[in-house]
Structure formats: C-alpha cells, structure tokens
Amino acid sequence: MTTSTLLWQSRNILMGFPLRYRQRLERQVLKIRQQGSTHPLWRWVINNYK
C-alpha cells in the first residue's frame, strides 16, 4: 500500500494529475461551495481555493 501510494504521488508530481481526477475534484469543490458553511470541509476549501 505504501509503495503504491508513493508511486502514485510521484507520478502526480512529475506528470500532473490526470484530467478525470482534476475534473472530479473540481466538481467536489463546487458541491462544497454550493452547500456553504454547513459542509465539514467548507473552511478548508475556502482557505485553499480563493
């Protein structure tokens, strides 16, 4: 498990995140923003994606 995580992270650092992964993250951030401050990750998203 550790080796596979390190390989995945290394790939992301060297080549960037795959398009599908980025799009999924963007959709999740949009949902969190739409829900507003009642979402548990609201502060984290607002502080990191202004």
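Structure's up top.
Throughout this description, residue numbers start from 1 for each chain and increase along the sequence as written. Side-chain atom pairs in this predicted model are given and counted only at pLDDT of 80 or more, local residue features only at pLDDT of at least 70, and totals for whole chains, interfaces and linings cover all residues. Side-chain metrics rest on all non-hydrogen atoms present in the structure, leaving aside hydrogens and water.

1. A word on the overall build of the chain
Helix numbers and strand numbers start at the N terminus; a helix is a DSSP run of H or I with at least 4 residues, a strand a run of E with at least 2. Tallying secondary structure elements over the chain gives three helices and zero strands in all. Listing every helix and strand of the chain by position from the N terminus yields α-α-α. The reference for a compact globule is 2.2 Å times residues^0.38; the radius of gyration itself is calculated from the C-alpha atoms. On C-alpha atoms alone, the chain measures out to a radius of gyration of 14 Å, which is more than a quarter above the 10 Å that the 2.2 N^0.38 rule sets for 50 residues. For the chain, the spread of C-alpha atoms along the three principal axes comes to 35 × 20 × 15 Å.

2. Some words on helix α2 (residues 19–35)
Between its first and last C-alpha, α2 extends 25 Å over 17 residues, near the 24 Å set by a 1.5 Å rise per residue. Backbone geometry just downstream of α2 places Gly-36 in the positive-phi region, at approximately 85°. Every helix has an expected span of 1.5 Å times one less than the residues it contains.

3. Considerations on a nonpolar patch on the surface
Taken together, the side chains of Ile-13, Leu-14 and Met-15 define a hydrophobic patch exposed on the protein surface, amounting to about 430 Å² of accessible area. As for its position among the elements, Met-15 is in helix α1 (residues 2–15). In this scheme, a residue with accessible area under 20% of its type's maximum is buried, one over 50% is exposed, and one in between is partly exposed, where area comes from a 1.4 Å probe on protein chains only. We classify Met-15 as exposed; its relative accessible area is 65%. Patch rule: a residue counts if its relative accessible area is over 30% and it has no salt bridge; like charges are joined within 9 Å, and nonpolar side chains (Val, Leu, Ile, Met, Phe, Trp, Tyr) within 5 Å. Residue-level accessible areas treat just the shown protein chains as cover; the underlying method is Shrake-Rupley with a 1.4 Å probe. For this analysis, a salt bridge means a side-chain nitrogen from Lys or Arg found within 4 Å of a carboxyl oxygen belonging to Asp or Glu.

4. Observations concerning α1
Along its 14 residues, α1 runs 20 Å from first to last C-alpha, staying within 8% of the 20 Å computed at 1.5 Å per residue. Taken across its 14 residues, α1 has one buried, putting it largely on the surface. Gly-16, located one to two residues past α1, shows a positive phi value of around 85°.

5. A closer look at the side chain of Asn-12
Position of Asn-12 relative to the elements: it lies in helix α1. You can call Asn-12 buried: its relative accessible area is 7%. Working rule for contacts: check all heavy atoms of both residues, and any pair within 4.5 Å makes them a contact. Contact partners of Asn-12, with chain neighbours within four places excluded, come to Phe-17 and Pro-18.

6. Side note on the environment of Ser-4
Looking at the element boundaries, Ser-4 is found in helix α1. You can call Ser-4 partly exposed: its relative accessible area is 40%. Counting of polar contacts relies on pairs of N or O atoms within 3.5 Å, with two restrictions inside protein: one atom must be capable of donating a hydrogen and the other of accepting it, and residues adjacent in sequence are counted only when both atoms are side-chain atoms. One polar contact links the side chain of Ser-4 to the main-chain carbonyl oxygen of Met-1, over a distance of 2.9 Å.

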